[in-house]
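# Residue-level structural notes
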Amino acid sequence: MTKSRRLLALLASTSMLAVPAFAQEDVVTIQFWEGHSVQEEQATIRMIEAFEASHPNIKVERIKTSFGTNFERITTAVASNSAPDVSPIWSGFLTQFAEQGQLADLTQYGVSAEETDIYPGAFEYVLWNDGVYGLPYAYDPRFLVMNDQAFADAGITEPPKTFDELITQIEQLTVGTPGNIERYGFGLGGADSLAYFFINLLYAEGGQVFNEDGTEVVFNNEAGVAAGEIISRLAELPGAALNAGEGLRQNVLQGRVAMIYDGPWVFYDASNDPESQPISISRVPMPNADDVPLNFGSVGAYVVYEQSDNKEAAAEFVKFLASAEAQQYRVAMLKPGVSPGVFEAPEAIATFEENPGLRTAQELLEESRIFPRHKNWPSVFQAIIPAVEAIISGEEPQTALDNAANQVNRTLRRG
Amino acid sequence: MTIKQQQLLLGLFFLGIPLLWLLVWVIAPIFVVLYLSFTSFNILSPPEWVGFWNYEDLWHDNLYWRAFGNTLYFTAFAMPLGISLSMLLALLVNTRLPGAWLFRTIYYLPVVSPLIATALVWVLFYEVSSGLFNYLLNSVGLSAQPWLNSTTTAMPAIIIMSVWKSLGFNMVIILAALQAIPKELNEAASLDGAGRVRQFFAITLPLLRPAMTYVLITTLIGSFQVFSQVYVMTEGGPNNSTVTLVHLIYRTAFQNLDFGYASAMAMVLFIILVIASFINLRLVSRGNLYE
Amino acid sequence: MAIESLPLPAVAAAKPAAGRSRRKLLRAVLTFYLPATIIAVLMLFPLFWMVSVSLRTNSQIFTYPPAIVVWPPRWENYVDIWNDPRMQMGLQTWNTLIYATVRTFLQLIFSAMAAFILARFHFPGRNLVFYLVLATVMIPDEVMMVPLFLMVKSVPLAGGNDLFGAGGTGWLDTFYGLILPGVISGYSIFFLRQFFLTLPKELEEAARIDGCSELGIFWRVALPMCTPALIALGIFSFQAAWSDFTWPLIISGSPGTRTIQLGLGLMATTDGTDWSMLLTGAVLSTLPLIALFVLLQRFIVTGVNFGVGK
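Note that the structure is predicted; figures quoted are calculated from it, not measured. (Residues numbered from 1 in each chain as written. Chains lettered and ligands numbered in written order. Predicted model: local features only at pLDDT ≥ 70, side-chain atom pairs only at ≥ 80, totals over all residues. Heavy atoms only, no water.)

Attention now goes to the overall build of chain C. The helix and strand tally for chain C stands at 14 helices and two strands. For 310 residues, the compact-globule estimate of 2.2 N^0.38 gives 19 Å, and chain C exceeds it by more than 25% at 25 Å. A principal-axis box enclosing the C-alpha atoms of chain C has dimensions of 70 × 65 × 30 Å. When the 310 residues of chain C are sorted by exposure, 54% land in the buried category. Restricting to contacts in chain C with at least 6 residues of sequence separation, those with at least 24 account for 67%. A total of about 13600 Å² of accessible surface is found on chain C, and carbon and sulfur atoms cover 69% of it. Side-chain charges of chain C comprise 20 positive and 16 negative groups, with the mean position of each set lying 16 Å from the other. (Helix = DSSP H or I, 4+ residues; strand = E, 2+ residues; numbered from the N terminus. Rg over C-alpha atoms; globule rule 2.2 N^0.38 Å. Buried < 20%, exposed > 50% of the residue type's maximum accessible area, 1.4 Å probe, protein only. Contact = heavy atoms within 4.5 Å. Areas by Shrake-Rupley, 256 points an atom, 1.4 Å probe, with all protein chains shown as cover. Lys, Arg positive; Asp, Glu negative; His and termini not counted. Charge placed at Lys NZ, Arg CZ, Asp CG, Glu CD.)

With that settled, the discussion passes to the overall build of chain B. Helix and strand counts for chain B stand at 13 helices and two strands. Considering only C-alpha atoms, chain B reaches an extent of 75 × 65 × 30 Å along its principal axes. Evaluated residue by residue, chain B yields a buried proportion of 61% over its 291 residues. Sequence separation of 24 or more characterises 66% of the internal contacts of chain B that already satisfy a separation of 6 or more. When the accessible surface of chain B is summed, it comes to about 11600 Å², and 70% of that surface belongs to carbon and sulfur atoms.

Attention now moves to the interface of chain C and chain A. Listed per partner, the contact involves 24 residues of chain C and 29 residues of chain A. With both chains or domains summed, chain C and chain A bury close to 2300 Å², and 60% of this area falls on carbon and sulfur atoms. For the chain C face of the interface with chain A, the top three residues by lost area are Phe62, Arg86 and Asp271 of chain C, together amounting to 26%. On inspection of chain C and its partner chain A, the count reaches one salt bridge. One salt bridge connects lysine 335 of chain A with aspartate 271 of chain C, and the closest N-O pair in it is separated by 2.7 Å. For the interface between chain C and chain A, the tally reads eight residue pairs in polar contact (both at pLDDT 80 or more). Within the residue set of the side of chain C that touches chain A, elements represented by two or more residues are helix 2 (58-61), helix 6 (141-153), helix 12 (246-251) and helix 13 (260-265) of chain C. When residues in the side of chain C that touches chain A are grouped by element, the largest group, three residues, is from helix 12 of chain C. (Buried area = accessible area lost by both parts, 1.4 Å probe. Salt bridge = Lys/Arg side-chain N within 4 Å of Asp/Glu carboxyl O. Polar contact = N/O pair within 3.5 Å; in protein donor to acceptor, adjacent residues only side chain to side chain.)

Here the focus is the pattern of salt bridges. When the charged atoms of two side chains lie near each other, side chains of opposite charge can form a pair. All names here are of chain A. Applying the stated criterion across every chain yields a total of 28 salt bridges over all chains. Arginine 62 is the partner of glutamate 34 in a salt bridge, and the nearest nitrogen-oxygen pair spans 2.6 Å. Of the two residues, glutamate 34 sits in strand 1 (residues 28-34) while arginine 62 sits in strand 2 (residues 58-64), which places them 28 residues apart along the sequence. For arginine 62, a relative accessible area of 32% puts it in the partly exposed group.

Moving on, we get to the interface of chain B and chain C. As a measure of interface size, the accessible area lost when the parts come together is often cited. Tallying the contact residues gives 104 residues for chain B and 99 residues for chain C. Interface of chain B and chain C: buried area, both sides summed, is about 9300 Å²; carbon and sulfur atoms make up 81% of it. For the interface between chain B and chain C, the tally reads zero salt bridges. The interface formed by chain B and chain C holds 13 residue pairs in polar contact (both at pLDDT 80 or more) in total. Along the lines of polarity and charge, the residues of the side of chain B that touches chain C split into 78 nonpolar, 18 polar and eight charged. (Nonpolar A, V, L, I, M, F, W, Y, C, P; charged D, E, K, R; others polar.)

Let's shift gears to the side chain of arginine 142 of chain A. Residues and elements named next belong to chain A. Mapped onto the fold, arginine 142 is located in the loop between strand 6 (135-141) and strand 7 (143-147). Notably, arginine 142 is buried but unbridged: the nearest opposite-charge side chain belongs to aspartate 262, and the N-O separation is 5.6 Å. A distance of 3.0 Å separates the side chain of arginine 142 from the backbone oxygen of aspartate 140, its partner in a polar contact. Here serine 298 takes part through its side chain, which lies 2.9 Å from a polar atom of the side chain of arginine 142. Residues in contact with arginine 142, not counting those within four places in the same chain, are Tyr196, Tyr261, Asp262, Gly263, Trp265, Val284, Asn295, Phe296, Ser298 and Leu364.

Residues and elements named next belong to chain C. A cluster of nonpolar side chains, namely Leu25, Leu26, Val29, Leu30, Leu34, Ile38 and Leu42, defines an oily patch on the protein surface of about 690 Å² accessible area. As for its position among the elements, leucine 34 is in helix 1 (residues 20-54). Under the relative-accessibility criterion, leucine 34 is labelled partly exposed at 46%. (Patch = residues over 30% accessible without salt bridge, like charges linked within 9 Å, V, L, I, M, F, W, Y side chains within 5 Å.)

Below, the discussion takes up helix 10 (residues 209-224) of chain B. Because an α-helix packs 3.6 residues into every turn, residues spaced three or four apart end up facing the same way. In a regular helix each residue adds 1.5 Å, so 16 residues correspond to 22 Å; helix 10 of chain B covers 22 Å between its end C-alpha atoms and thus fits that length. By the criterion of burial, helix 10 of chain B is predominantly enclosed, with 14 of the 16 residues buried. (Expected span 1.5 Å × (residues − 1).)

So, on to the pairing of strand 9 (residues 180-183) of chain A. Residues and elements named next belong to chain A. Bridging between strand 8 (residues 175-177) and strand 9 involves three bridges; their strand directions are antiparallel. Bridging from a neighbouring strand, threonine 177 pairs with asparagine 180 of strand 9. Taking the residues that link successive antiparallel strands as the turn, the strand 8-strand 9 hairpin has two residues, and the phi of glycine 179 there is positive, at about 90 degrees. (Pairing = 2+ DSSP bridges.)

Attention now moves to the environment of alanine 264 of chain B. Residues and elements named next belong to chain B. With respect to the helices and strands, the residue alanine 264 is situated in helix 13 (residues 259-285). With relative accessibility at 0%, the residue alanine 264 sits in the buried group. Separated by 229 residues in the primary sequence, alanine 264 and tyrosine 35 have C-alpha atoms spaced 9.2 Å apart. With residues near it in sequence (within four places) discarded, alanine 264 still touches Ser37, Asn54, Tyr55 and Leu58.

There is a patch of like negative charges on the surface, built from Glu114, Glu115, Asp117 and Asp130 of chain A. Mapping aspartate 130 of chain A onto the fold places it in the loop between strand 4 (127-128) and strand 5 (131-132).

A word on the pairing of strand 6 of chain A. Residues and elements named next belong to chain A. For strand 6, the buried fraction is high: seven of the seven residues fall into the buried class. Pairing geometry for strand 6 and strand 14 (residues 295-304), over six bridges, is antiparallel. Residue pairing in the sheet places alanine 138 in a bridge with glycine 300 of strand 14.

Let us look at the nonpolar core. With 324 residues, the main nonpolar core has Phe219 of chain A, Tyr107 of chain B together with Phe196 of chain C as its most contacted residues. The element contributing the most residues to this core is helix 7 (residues 154-179) of chain B, with 16 residues. Among the domains, domain 1 (7-139 + 298-369) and domain 2 (143-283 + 374-414) of chain A are the pair contributing at least three residues each to this core. With near-sequence residues (within four places) excluded, tyrosine 107 of chain B lies in contact with Leu89, Leu92, Val93, Gly168 and Met171 of chain B together with Ala36, Ile39, Ala40 and Met43 of chain C. Val257, Leu334, Ala348 and Leu364 of chain A belong to the second-largest nonpolar core, a separate cluster that totals 24 residues. (Core = buried A, V, L, I, M, F, W, Y, C linked by side-chain atoms within 4.5 Å. Domains from an automatic or database assignment.)

Here the focus is the packing of aromatic side chains. All names here are of chain B. As enumerated under the stated definition, the model contains 70 aromatic pairs over all chains in all. Ring geometry for tryptophan 21 against tryptophan 25: centres 6.2 Å apart, planes inclined by 50 degrees, an arrangement best described as tilted. Residue tryptophan 21 and its partner tryptophan 25 are both found in helix 1 (residues 3-36); the two are separated by four residues, about one turn of the helix. The class for tryptophan 21 is partly exposed, based on a relative accessible area of 27%. (Phe/Tyr/Trp six-rings, centres within 6.5 Å; stacked < 30°, edge-to-face > 60°.)

Here we come to the sheet that holds strand 10 (residues 186-189) of chain A. Residue and element names in this part refer to chain A. Strand order across the open sheet formed by five strands is 11-10-12-7-13, with mixed pairing between neighbours. The open sheet has two free edges, formed respectively by strand 11 (240-244) and strand 13 (279-282), since each of these has just one partner strand. If you compare each strand with its neighbour and ignore which way they point, the axes differ by 25 degrees on average. In this sheet, strand 11 lies alongside strand 10 in parallel orientation, the contact comprising three bridges. In the sheet register, phenylalanine 186 faces strand 11, and the bridge partner there is alanine 240. (Axes fitted to C-alpha atoms, helices over the stretch in contact; angles between N-to-C directions.)

Our next topic: helix 3 (residues 62-93) of chain B. Spanning 32 residues, helix 3 of chain B covers 46 Å between terminal C-alpha atoms, matching the ideal 46 Å at 1.5 Å per step. One side-chain oxygen at the N-terminal end of helix 3 of chain B lies 3.0 Å from the backbone nitrogen of leucine 63 of chain B; it belongs to aspartate 61 of chain B.

Glancing now at the confidence of the model for chain C. Reading predicted coordinates in detail is not appropriate for stretches of low pLDDT. Residues and elements named next belong to chain C. Of the residues in chain C, 91% have a pLDDT of 70 or more, and the chain-wide mean is 83. Confidence drops under pLDDT 50 across residues 1-16; counting only partners more than four residues distant or on other chains, this segment forms 16 contacts. Below a pLDDT of 50 lies the segment residues 303-310, which in the model reaches 16 contacts outside its immediate sequence neighbourhood of four places, other chains included. (pLDDT = per-residue confidence, 0-100.)

Pasting the structure below:
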């Protein structure tokens, strides 16, 4: 504790210099809504403490908000002019809200659209029409989580390097007979993960979700079908649980599943479970991995609302939350930071030393890409999921993807 | 005051206040939804009039009709199953034997427990790789089932959960109605030599008609509006096999922010329900609403 | 009251002879206790599992093979949730209690009034009114949310609003906004109407002959006779308000109006769900509803004797 206190004081004194001089001495209070998990909340609390210490004329009123799973709380608040100053935003809502003129353009408050410390993949999310409409606070890469014991049992010493190796290893790792599996070789959980996995494969095959001007989806072209065929190859393995639900993370920690496709949440779960078995992590091998090393990451950003009365102070707060000095607290809570700057931050250095897996995850962000920015992204996402599910249950990839693309293109034509 | 005057005054006051409130807070918003169904409205900026565009689009929207089919499927099984089982439960616990209150309470418990928590428990049961059901199947030598992960079994799995969750609700309504039937009626019939089954169909069931009208119509409406369990358990998957109308409406409104289109979907559902309930009402009450 | 006019033969309950009591007990076990117990076990099993899961850590929830109980149980969960700064369980329970109680009470009064007229009075257009009331429940709540929200926000002369409902926040983040839009429900009017229909006409007429006013008929004859229905409806309305999520979600803003379901909603985040806390909270939040049902269910049964028999 004393160590972090000292650090806090240090940061406070150094970042004082960077604070723009506010004209008045009055203390501004900004309203900050968040609905974070315990893990994120603890990091956020420390960030706010550090921010208030370095910005004595800004107070942050943190309000715990249940956003509803689809953001109803924010949408209705914005529509009625009762939005907070700052809140997180995710998925396609940022583009949608920016297009409706509801978000403040942070380039007015000293954020450059060209130059940034933040990973390019994550920063891309907040760009819209030459403006910067928020700053990322979370950037979570996807990777393979492997149960060391399961790999030792199967006599495998190296993580899969190619896609074919992945398939062979899944077969080797699986224990049991079809219909009565004792250990699954591979698990890929939940509808969201399925879609992300598909998009990762699509990118690796050189494909895109949307066409150039974003008027149509093209994920059903050759690259998409190739991606679909890879998924159907995986689905044929009896030891691959491709649409498994909630428990996968615990399953890999307990050895019920040998290897899963997951994100950095696994580190927190592992640290909270005294009985969890050792795990390693590794990049997901992609079909054309040699030509285009790339990985998938999901992103969340904090935004400042146009209707806020304290946009300048709010922008200052959002900028701070994305900085390496704030993001190191996030690393301390076992999540990667949004900029490579955390490699230099003291708390992060200490954490990476104890947790080399987390360092690997952080490194993966350099080559990660996010879902496309498009205001209709939620409806596209909703169409990709059933298409991938159809492929898993044996439908021809071309047919499944064509159906989904037709459905989406109808929606896109609606505007 | 004469009786007529009293009735007029009472009628105006008793019916007037609730109706006025209903007009402001329920009927007016329905008209707003009707208006919005002719607009393009994303909640964030003012609606724009687009005429019948949303409805035309809806006609060609495969997903909407898929959702419609899924909703019918759900209703066709959940409704008869739920009502007949509730009736049996109500008859079972309609007794003065000691301890009956305990059973009534137990059967009602699933109704009061929060949906998100109970849905999670069922999700745990249905889990493919580590769920209880597959564990039990495997331990008696049977093959594991995909449950919520297969297009053929996901909807039945949701129906089973929904019936379990809501049995107690209709049971209480039917029980309250059963209790209002004078015991003497059945006792007289049994003196006349009528068996229990005959007593039920000749005496009990006709007397239950007002309550059953309520049960049938509200269950119909409730089944057509099935949403939460789908939302928590499958989010419409796999491959859209459990997407229901209200689930699609909710997604369109709050995920895609296409509120005009969602309103059109809701209006079509509204019209379907009005027609279905009207037919139902006519059939159950055989034309006489006041029996 | 004038029950005697019902053409019912009075049948004296036969006292069981001492020798037959054993056979009667056996009959009771076979026709009631045995099937009732089997069904009870089936109905309770998922709830038992819910309680069992609430006594675990997050990682123990997904063990394989599934464990019926995990030893030692984590009773701390129940202390933790009470102290969780995210939840403020005490305040939220209190808020929910106010919300559910007031809404239920108003709903019972208004619904009984309207239902009584719709069931007992004859007037032109009564079918039309009835169909109108019925039709209001056929539009899904999810689309009503946005128009209703905007209306609550623009209630005139409330929350800083001017006469035309502009300028302020209206009833947003207040108990008025939470409760009042929902106090009339087509379901409850329909429900009580169906029960008022079952009252014998003779009762009313007898009361009228005794010099009872029309209001008196409602208050002293019709309402008491419908006690079981009123109680059933009260339980339903209370429970519906208690488990309501989306409406409080968009109306409530500060902890002062936050309900318990919103607190539980905080456990599900974009970073995954805190299952053990969620289930612990769920079990706790269900206890008041169970207590209410245990307390009131006997009125559903005994309330009937106001009118019939004896």
